[in-house]
Amino acid sequence: MVEQSTNPLAMSDFFQAIHPPTHGGLDSDHPDREAWAERQLALYGASITLRNKGLVRVVSPANGARPDLVEATAGGRAALPT
């Protein structure tokens, strides 16, 4: 998704699309809430890994109103399957 974007974007904007909550949402008592939250946190970890490996770069740091905006690096584009 980052590589396909023509503009820098916040990777976290896609987390709900990748792992959406179950139909009707996940309130604090929902039995699947903890597993869903763990998947969301894992996506944050994956985002950090992509940055640490130089596959994406931060072009606009988080400012308190929005998260980091990133773009794919040449190495990140090269790492994708063709």
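Refer to the structure above for everything that follows.
Being a predicted model, the structure only gives us computed values, none of them experimental.

Reading the values: the criteria
- Residues numbered from 1 in each chain as written.
- Predicted model: local features only at pLDDT ≥ 70, side-chain atom pairs only at ≥ 80, totals over all residues.
- Heavy atoms only, no water.
- Helix = DSSP H or I, 4+ residues; strand = E, 2+ residues; numbered from the N terminus.
- Buried < 20%, exposed > 50% of the residue type's maximum accessible area, 1.4 Å probe, protein only.
- Pairing = 2+ DSSP bridges.
- Contact = heavy atoms within 4.5 Å.
- Phe/Tyr/Trp six-rings, centres within 6.5 Å; stacked < 30°, edge-to-face > 60°.

**Q** An account of the overall build of the protein is needed here, citing residue identities and associated values.
**A** Regarding its fold elements, the protein presents three helices and two strands. Walking the protein from its N terminus toward its C terminus, one meets helices and strands in the order α-α-β-β-α. Projecting the C-alpha coordinates of the protein onto the three principal axes gives extents of approximately 45 × 35 × 20 Å. Counting every position in the protein, which comprises 82 residues, the buried fraction comes to 18%.

**Q** So what's going on with the pairing of strand 2 (residues 69-72)? Residues and values would help.
**A** The two faces of strand 2 differ: Val70 and Ala72 on one face are buried, but Leu69 and Glu71 on the other face are not. By the bridge criterion, four bridges tie strand 1 (residues 56-60) to strand 2 in an arrangement that is antiparallel. Each bridged residue has a counterpart across the sheet, and for Arg57 the counterpart in strand 2 is Glu71.

**Q** Help me get a handle on the side chain of Ser47, residues and values and all.
**A** Within the secondary structure, Ser47 is located in helix 2 (residues 33-52). When sequence neighbours within four positions are dropped, the list of residues in contact with Ser47 reads Met11 and Phe15.

**Q** So, the packing of aromatic side chains: which residues are in play, and what are the values?
**A** Considering all chains together, one arrives at one aromatic pair under this definition. Considering the side-chain rings of Phe15 and Tyr44, the 4.7 Å spacing of their centres and the 90 degrees angle between planes classify their relative orientation as edge-to-face. Linking Phe15 in helix 1 (residues 15-18) with Tyr44 in helix 2, this pair joins segments that are 29 residues apart in sequence. Phe15 gets classed as buried once you look at its relative accessible area, which sits at 4%. Residue class for Tyr44 comes out partly exposed when judged on its relative accessible area of 43%.

Keep in mind that these numbers describe shape and distance, not what the molecule does.
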